[in-house]
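# Close look at the chain arrangement
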Amino acid sequence: MSNEWWRHAVIYQVYIRSFADGDGDGLGDIEGIRSRLPYLAELGIDAIWINPWYPSPQADAGYDVITYTDIEPRFGSMAEAEAMITEAHAAGIRVLLDIVPNHSSHLHPWFQAALAAGPGSPERDRFIFRDGAGERGELPPNDWPSCFGGSAWTRVTEPDGVPGQWYLHLFAPEQPDRNWHHPDTHADYEAALRFWFDRGVDGFRIDVAHSLFKADGLPDLGDVVYEAHETRPHPFWDPDDVHEVYRSWRRIADSYDPPRVFVAEAWVPQPARLARYVRADELHTTFNFDFLRSPWAAPHLRGVIDATIAEHALVGAPPTWVLSNHDVARHVSRFARVQQTHAQHQLKDLDAEVEVDPDLGYRRARAALLLMAALPGSCYVYQGEELGLPEVEDLPPEVLQDPSWARSGFTDPGRDGCRVPVPWTGVDAKAWLPQPEWFAQFAVEVEERDRSSMLWLYRDALRIRRDTTGFGDGPFEWLPTDSDVLAFRRGAGVICVVNFGARLQPLPPHRAVLLASSPLVDGRLAGDAAVWLSE
Ligand code: GLC
């Protein structure tokens, strides 16, 4: 396997709590992953990325980490984790973990020490504590909102029992932000990277990679927005200082043999700013959320693809492509609606009033796979998308666990609808989020028996992608088409055609059909379908 495997890899996201349950308690775990490695190998992926599996009170499904050098007991043990890494490697699967540098759990020993030590102490300086505004400090220090709703500040009770300072949490109150101006923060995370690299882990996904540093003086946000057209600096997203951190992390990754890799979760609205994260001496890759957020529409997707390729080419990094993850509504359900021109990627954005056409969403999702897997670079598959799982849009309110639900005053159902456990044989009465009855028809066991299933389309596509020269990183060229069709040539004469319209479309000259998302009709491509051809 080449050192630069990440330039063309297919990486499968294992959302551990919902992947496979080895001990029968309804929560996925490491034993579950181990037992499904043969399934993952057969799917044809190159690597897995496992969401946080460290000790955590699970206030935000594990993104509230107490320590990186251990395993959450509900997920298993360190011995199991090490065995899993070894077994994955033996199956030809690389392993990426998830690191969360912007914040820790409030149960992190340093945060507990900060609470106990009081205002002005060196312990408090490892986080972002400030006195409140207002006459008696009764107001938050500034107007920053938490991503989960409400203020980004929580007031603490001081050791002497009186209401005291406030601390910053861009996410839940159980996730205090770290102070990246403090050398201990750097040392703590560097130790975490080395701990896992020493255990053979191949790389990390970096959570909220586009924050870490907050603007000096913590100025109010006011009406500054985080969108491509904004020219004023944002006080907590995409600060220039993060790049020095990633340069130092890259040096650590490069000191290993083979070198370890990073992928940034950086929500950055300007492609040119995003590309800065993947300069040659920084991170290897970054998620492409513009692609994920694009409506299913030829002109819009073409624009995203062009911008992505152009900006990545400037810095020499491979583009990546992703359709779904554990934070957004599953794309089968997004594509089952009339496509808006604006981003519509969370359950709260999916209009319950509009007509929903599940068959259309499913067709489009099949075509979207062929589009994504043919684009240059690497791509991500979120567990369950290979089964065509839809979003569970009607989870009963009493089972919802995403902090967004309570913090939005019970208006935003949050992200639980895409986190319902994967069905392996049928529905599991113990699953930590209830699987609806209709999940059974998407079970792995059912789809394995049906050669026309989504699962087999993924298997076929990934096998062909791996075995055929021209896919992955490399040349890309648009072919002339109607406005509701995208067609492009990859190296070595591989062509992908996607029909977003309703009319049947003729195919360009070709020697063979490699794979089609829907059967061809008299040699032509149906609407909402895609095909791979060889010239
Ligand atoms: C990232 C994670 C998300 C988490 C948040 C806070 O966006 O993907 O699940 O809630 O960071 O850590």
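Just so you know, these numbers come straight off a predicted model, no measurement behind them.

## Brief notes about the domain arrangement of the protein
- According to the domain assignment, the protein contains domain 1 (5–104 + 183–461), domain 2 (109–168) and domain 3 (475–534).
- Placing the centre of domain 2 and that of domain 3 at their C-alpha centroids yields a distance of 57 Å.

## Notes on the pattern of salt bridges
- According to the stated counting rule, one finds 39 salt bridges in the structure shown.
- Note that Asp188 and Arg178 form a salt bridge whose closest N and O atoms lie 2.7 Å from each other. With a gap of 10 residues between them, Asp188 in helix H5 (residues 183–198) and Arg178 in the loop between strand E6 (163–168) and H5 connect regions that are remote in the sequence.
- Accessibility expressed as a relative area gives 1% for Arg178, which makes it buried.
- In this structure, Arg247 and Glu282 form a salt bridge, with 3.1 Å as the shortest nitrogen-oxygen distance. Residue Arg247 is found in helix H6 (residues 242–254), and its partner Glu282 is found in the loop between helix H7 (271–275) and strand E9 (285–286); the two are separated by 35 residues along the sequence. Here Arg247 matches Glu282 in class, with each residue buried.

## Regarding the site of the ligand
- Surrounding the ligand, one finds 14 residues, the nearest of these being Asp60, Asp207, Glu265, His326 and Asp327.
- The separation between an oxygen atom of the ligand and a polar side-chain atom of Glu265 is 2.7 Å.
- Protein contact buries 96% of the 300 Å² of open area that the ligand shows by itself.
- Here the shell around the ligand is built from residues that sort into 4 nonpolar, 3 polar and 7 charged.

## Some remarks on the environment of Glu230
- Position of Glu230 among the secondary structure elements: in the loop between strand E7 (203–206) and H6.
- For the pair formed by Glu230 and Pro269, sequence separation is 39 residues and the distance between their alpha carbons is 9.5 Å.
- With sequence-adjacent residues up to four places away left out, Glu230 is seen in contact with Asp223, Val224, Val225 and Gln270.

## Remarks on the sheet that holds strand E16 (residues 529–534)
- Strand order in the open sheet formed by 5 strands is E12-E13-E14-E16-E15, with antiparallel pairing between adjacent strands. Every interior strand has two partners, whereas the edge strands, strand E12 (476–478) and strand E15 (512–516), have only one. Taken pair by pair, the neighbouring strands of this sheet meet at an average axis angle of 25°, ignoring direction.
- Bridge count between strand E14 (residues 494–499) and E16: 6 bridges; the pairing is antiparallel.

## What to know about the packing of aromatic side chains
- All chains considered together, the criterion is met by 40 aromatic pairs.
- Taking the centre distance of 5.6 Å and the plane angle of 70° together, the rings of Tyr246 and Trp249 count as edge-to-face. You can see Tyr246 and its partner Trp249 sitting in helix H6, 3 residues apart, about one turn around the helix. One exposure class covers both Tyr246 and Trp249, and it is buried.

## Quick notes on the sheet that holds E6
- Read from one edge to the other, the open sheet built from 3 strands follows the order E4-E6-E5, with strand pairing classed as antiparallel. Each of the sheet's edge strands pairs with one partner strand only, and the pair in question is strand E4 (129–130) and strand E5 (153–157).
- By the bridge criterion, 4 bridges tie E5 to E6 in an arrangement that is antiparallel. Bridge assignment links Thr154 to a residue of E6, and that residue is Tyr167.

## Describing the state of the cysteines
- If you walk through the whole model with that rule in mind, you get 0 disulfides.
- This cysteine, Cys418, is not joined by any disulfide, and Cys147 carries the nearest cysteine sulfur, 16 Å off.

## Details of the packing of H5 against H6
- It is at 11 Å that the axes of H5 and H6 come closest, and there the two elements cross at 30°. The orientation of H5 with respect to H6, classified from their angle, is roughly parallel. The way H5 lies across H6 gives a crossing that is right-handed. Residues His186, Tyr189, Glu190, Leu193, Arg194 and Phe197 of H5 touch H6, and the partners they reach there are Val245, Ser248, Trp249, Ile252 and Ala253.

## Thoughts on the pairing of E7
- Alternating positions in E7 separate into two faces, Gly203 and Arg205 on one and Phe204 and Ile206 on the other, with burial throughout.
- Of the crossover connections in this fold, the one passing from E7 over H6 to the parallel strand E8 (residues 261–264) is right-handed.

## Concerning the packing of helix H11 (residues 358–374) against helix H14 (residues 454–467)
- For the pair H11 and H14, the least separation of the axes is 10 Å and the interaxial angle reads 10°. Taken as axis vectors, H11 and H14 run roughly parallel relative to one another. Crossing hand, H11 versus H14: right-handed. Judged by residue contacts, Tyr362, Ala365, Arg366, Leu369, Leu370 and Ala373 of H11 engage Met454, Leu457, Tyr458, Ala461 and Arg465 from H14.
- Among the residues making up the contact of H11 with H14, the classes are represented as 9 nonpolar, no polar and 2 charged.

## Topic: the environment of Arg17
- The residue Arg17 is located in the loop between strand E1 (10–14) and helix H1 (30–35) in this model.
- Owing to a relative accessible area of 7%, Arg17 belongs among the buried residues under this scheme.
- Along the backbone, Arg17 and Gly32 are 15 residues apart, and their C-alpha atoms lie at a distance of 9.6 Å.
- For Arg17, the residues in contact, after removing those within four places along its chain, are Leu27, Gly28, Gln58, Ala61, Phe75, Gln401 and Trp432.

Rules behind the numbers
- Residues numbered from 1 in each chain as written.
- Predicted model: local features only at pLDDT ≥ 70, side-chain atom pairs only at ≥ 80, totals over all residues.
- Heavy atoms only, no water.
- Domains from an automatic or database assignment.
- Salt bridge = Lys/Arg side-chain N within 4 Å of Asp/Glu carboxyl O.
- Helix = DSSP H or I, 4+ residues; strand = E, 2+ residues; numbered from the N terminus.
- Buried < 20%, exposed > 50% of the residue type's maximum accessible area, 1.4 Å probe, protein only.
- Near = heavy atom within 4 Å.
- Polar contact = N/O pair within 3.5 Å; in protein donor to acceptor, adjacent residues only side chain to side chain.
- Areas by Shrake-Rupley, 256 points an atom, 1.4 Å probe, with all protein chains shown as cover.
- Nonpolar A, V, L, I, M, F, W, Y, C, P; charged D, E, K, R; others polar.
- Contact = heavy atoms within 4.5 Å.
- Pairing = 2+ DSSP bridges.
- Axes fitted to C-alpha atoms, helices over the stretch in contact; angles between N-to-C directions.
- Phe/Tyr/Trp six-rings, centres within 6.5 Å; stacked < 30°, edge-to-face > 60°.
- Disulfide = S-S within 2.5 Å.
- Parallel < 35°, antiparallel > 145°, perpendicular 65-115°, else oblique.
- Left-handed = near helix turned anticlockwise from the far one by under 90°.
- Right-handed = clockwise from strand over helix to strand, strands pointing away.

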